[in-house]
Amino acid sequence: MKRFLTSAIVLGCSLLVINCKKNDDNGKETVIRDRQEVFNDNIQKIEEFLKTNKMEVLEDGVTFETVANEASNSIWKQTEYELKSITLKNDTYNLSQKTGKYEKEVDNVEYKVYYLIINEGGGEKPYKHDNVFTSYAGYNLDKTSFDTFPFGFWSSYPSLGAATEIISGYRQILQQINTASGVTDNGDGTYTYENPGRVVVFIPSGLAYFNTSRTNISGYAPLIFDIKSIALKEVDHDNDGILDKYEDVNNNGNLWDDDTDGDGKPNFLDLDDDGDGYTTKEEITYTTQENGETVKKLYPFDEIPNCQGGSVKKHLDKNCH
Ligand SMILES: [Ca+2]
Ligand SMILES: [Ca+2]
Ligand SMILES: [Ca+2]
Ligand SMILES: [Ca+2]
């Protein structure tokens, strides 16, 4: 049984794992190395690390110790936890100060990410846009710890209110493990959780801070995280009454490419999805009688009607409202 504090959820940009955006207009230019070249260099260092270190799993965090190249107890060769890898793309979008629109980071690299599942977790796997409560310990490849956050924090993709956006590699690996099986509100500002998912992941810098250095982290450095996944919340980013998961109109797993009215704001961030001048929330509201009074309600997603003669739900069809 583990405890965490709710007060830990409100955080500024001092927390290392958070993907704080650099100020665009400070006039300083950084020489940026080629992303593919940096990845090639990073993955070589990561694989060398895996082959020449063993790992011990502690209750909170891990320790590494140098062993002979490809020794049977190296992370590369050991069999206690399966060493897995996955190919991930950088899915970071930034709000452009020039156009006022979200634009995807230009990055075509296919990143190989190594990870070991320490515990599957007894809860659910998060959807990419869910808010997730996680805790972590973070290490550099020189085995120094750059940061730990044992109490945990809420993250969001993209950032929403007090829940901050985290680096792409951290966020995406959460989809490989489950949250805790149960979280109990103790009523005193603390919660208790059981059987959280836990993963140790080796993240190339292109899915972390890339050229930006941070306290205890150098530019272009790959990072190691030991992460516990504790809880998730489904999100309605634009608070229009439709959960993010229902705003993937073309059903391709990517919410950024669904922009029904073509105004540059994807539906999950657009208050008026079809651009007819009536907000989505207004369009999915109906009135009914309850105890002799007229009340307003929102249709559950499945029950939102089409326009007469239409083929899509009315909030996506500008021919009616
Ligand atoms: Ca929504
Ligand atoms: Ca889509
Ligand atoms: Ca739109
Ligand atoms: Ca509308």
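The structure under discussion appears in the preceding block.
Residue positions are given per chain, counting from 1 as you read along its sequence in written order. By the order in which they are written, chains take letters starting at A while ligands take numbers starting at 1. Owing to the predicted nature of the model, reporting of local features is limited to residues with pLDDT of at least 70; listing and counting of side-chain atom pairs is limited to 80 or more, with chain, interface and lining totals taken over all residues. In computing side-chain values, all of the structure's heavy atoms are included and hydrogens and water are not.

**Some details on the pairing of strand E7 (residues 111-119)**
Counted only if it meets this: Here the term buried applies to any residue with accessible area under 20% of the maximum for its type, exposed to any over 50%, and partly exposed to those in between, with areas from a 1.4 Å probe on protein chains only. Secondary structure elements are taken from DSSP: a helix is a run of H or I of four residues or more, a strand is a run of E of two residues or more, and numbering for both begins at the N terminus. The pairing criterion is simple: DSSP has to find at least two bridges between the two strands.
Where burial is concerned, most of E7 is hidden: seven out of the nine residues are buried. Of the pairings in the sheet, the one linking strand E4 (residues 83-88) to E7 comprises six bridges and is antiparallel in character. Bridge pairing links isoleucine 86 to valine 113 in E7. In the sheet, E7 pairs with strand E12 (residues 197-203) via five bridges, with the strands oriented antiparallel. Pairing of asparagine 119 across the sheet is with arginine 198, part of E12.

**Overview of unusual backbone geometry**
Tyrosine 157 connects to proline 158 through a cis peptide bond whose omega is -10°. Looking at where proline 158 falls in the secondary structure, it is placed in the loop between strand E9 (145-155) and helix H2 (168-173). With a phi angle near 50°, phenylalanine 210 is a residue other than glycine that sits in the positive phi range.

**Here we look at the coordination of the calcium ion (ligand 1)**
Ideal values for angles at a metal depend on the geometry: 109.5 degrees with four tetrahedral donors, 90 or 180 degrees with six octahedral donors. Rules: Metal-coordinating donors are taken as N, O and S atoms lying within 2.8 Å of the metal, or within 3.2 Å when the metal is Na, K or Ca; because water is left out, some sites can appear incomplete.
Coordination of the calcium ion (ligand 1) by the protein involves Asp236 (OD), Asp238 (OD), Asp240 (OD), Ile242 (O) and Glu247 (OE), with metal-donor separations of 2.1 to 2.4 Å. Here the donor residues of the calcium ion (ligand 1) are spaced in sequence according to D-x1-D-x1-D-x1-I-x4-E. With relative accessibility at 2%, the residue isoleucine 242 sits in the buried group.

**Brief notes about the coordination of the calcium ion (ligand 4)**
Surrounding the calcium ion (ligand 4) are the protein donor atoms Asp272 (OD), Asp274 (OD), Asp276 (OD), Tyr278 (O) and Glu283 (OE), which sit 2.0 to 2.4 Å from the metal. Mapping the donors of the calcium ion (ligand 4) onto the primary sequence gives the spacing D-x1-D-x1-D-x1-Y-x4-E. Residue classification places aspartate 276 among the buried residues on the basis of a relative accessible area of 18%. What makes tyrosine 278 partly exposed here is its relative accessible area of 34%.

**Quick notes on the packing of aromatic side chains**
We count it as follows: Pairing of aromatic side chains requires ring centres within 6.5 Å, counting the rings of Phe and Tyr and the six-membered ring of Trp. Pairs whose planes differ by under 30 degrees are stacked, by over 60 edge-to-face, and all others tilted. Note on criteria: charge over ring means Lys NZ or Arg CZ within 6 Å of the ring centre, with the direction from the centre no more than 35 degrees off the ring normal.
Using the criterion set out here, one finds 21 aromatic pairs in the structure. For the pair tyrosine 136 and phenylalanine 225, a centre-to-centre distance of 5.5 Å together with 80° between the ring planes defines the contact as edge-to-face. Of this pair, tyrosine 136 sits in strand E8 (residues 131-139) while phenylalanine 225 sits in strand E13 (residues 223-233), and the two are 89 residues apart along the sequence. Assessed through its relative accessible area of 4%, tyrosine 136 is described here as buried. When the ring of phenylalanine 210 is compared with that of tyrosine 220, the centres are 5.2 Å apart and the planes differ by 90°; the resulting orientation is edge-to-face. Residue phenylalanine 210 is found in the loop between E12 and E13, and its partner tyrosine 220 is found in the loop between E12 and E13; the two are separated by ten residues along the sequence. The exposure class assigned to phenylalanine 210 is buried, which follows from its relative accessible area of 4%. One aromatic cluster is present, formed by Tyr136, Phe146, Phe149, Phe153, Tyr170 and Phe225 through successive ring pairs. Above the face of the tyrosine 220 ring, arginine 33 is positioned so that its terminal group lies 4.9 Å from the ring centre. Taking NZ or CZ as reference, lysine 233 lies 4.2 Å from the ring centre of tryptophan 154, over its face.

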